[in-house]
Amino acid sequence: QVQLVESGGGLVQPGGSLRLSCVASRRTVSPMGWFRQAPGKERIFIAAVSWSGTDTYYADSLKGRFTITRDNAKNTLYLQMNNVNPEDTAVYYCAADPGTWGAMSPNTWRYWGQGTQVTVSS
């Protein structure tokens, strides 16, 4: 079992940047990823990174503005968000262990954090 705790959410202006963090309770020898869920909408995949941090994959619609990285020495996953817009407003979730590399469905990911709210507004 692993616990995941996200942080770094908050209010940010359109065009601004934000970095989210997710700390794992122990070393996580599996891919990790980020999802988000806007009010009234399904939880959707953003990005994932391999255990080593060398391989990544992204949702096509978000690739370019968001960057996923991890620091295994700190058991921490990051999501750098740039040039945000109001459509990025959502609860952002950290996840671990997708079962299969390349998985984007939230149903296949084993571990989840509680989420951190990101609101983009002027």
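This section reports on the structure supplied with the text.

Calculation criteria
Residues numbered from 1 in each chain as written. Predicted model: local features only at pLDDT ≥ 70, side-chain atom pairs only at ≥ 80, totals over all residues. Heavy atoms only, no water. Core = buried A, V, L, I, M, F, W, Y, C linked by side-chain atoms within 4.5 Å. Buried < 20%, exposed > 50% of the residue type's maximum accessible area, 1.4 Å probe, protein only. Contact = heavy atoms within 4.5 Å. Helix = DSSP H or I, 4+ residues; strand = E, 2+ residues; numbered from the N terminus. Pairing = 2+ DSSP bridges.

Counting 27 residues, the largest nonpolar core has Leu4, Trp34, Leu79 and Tyr92 as the members making the most contacts within it. What tyrosine 92 contacts, discounting residues up to four positions off in sequence, is Glu6, Leu20, Trp34, Phe35, Arg36, Ile46, Phe66, Leu79, Met81, Gly115, Thr116 and Val118. Judged by nonpolar contacts, the second largest core, of nine residues, contains Phe35, Phe45, Ala59 and Trp109.

Okay, the side chain of serine 21 next. Position of serine 21 relative to the elements: it lies in strand E3 (residues 18-24). Taking relative accessible area as the criterion, serine 21 reaches 15% and is therefore assigned buried. Among all residues touching serine 21, those that are not within four sequence positions of it are Val5, Glu6, Ser7, Trp34, Thr76, Leu77 and Tyr78.

This part is about the pairing of strand E9 (residues 90-96). Burial within E9 is extensive, with six of its seven residues counted as buried. Of the strand pairs in this sheet, strand E4 (residues 32-37) and E9 are connected by six bridges, and their pairing is antiparallel. Opposite glycine 33, over in E9, you have alanine 95 as the bridge partner. Relative to strand E11 (residues 116-120), E9 runs antiparallel, the two being bridged by three bridges. From the neighbouring strand, tyrosine 92 faces E11, where its bridge partner is threonine 116. Here two bridges tie E9 to strand E10 (residues 111-112), and the two strands are oriented antiparallel to one another. Looking at E10, one finds that alanine 95 is bridged to tryptophan 112.

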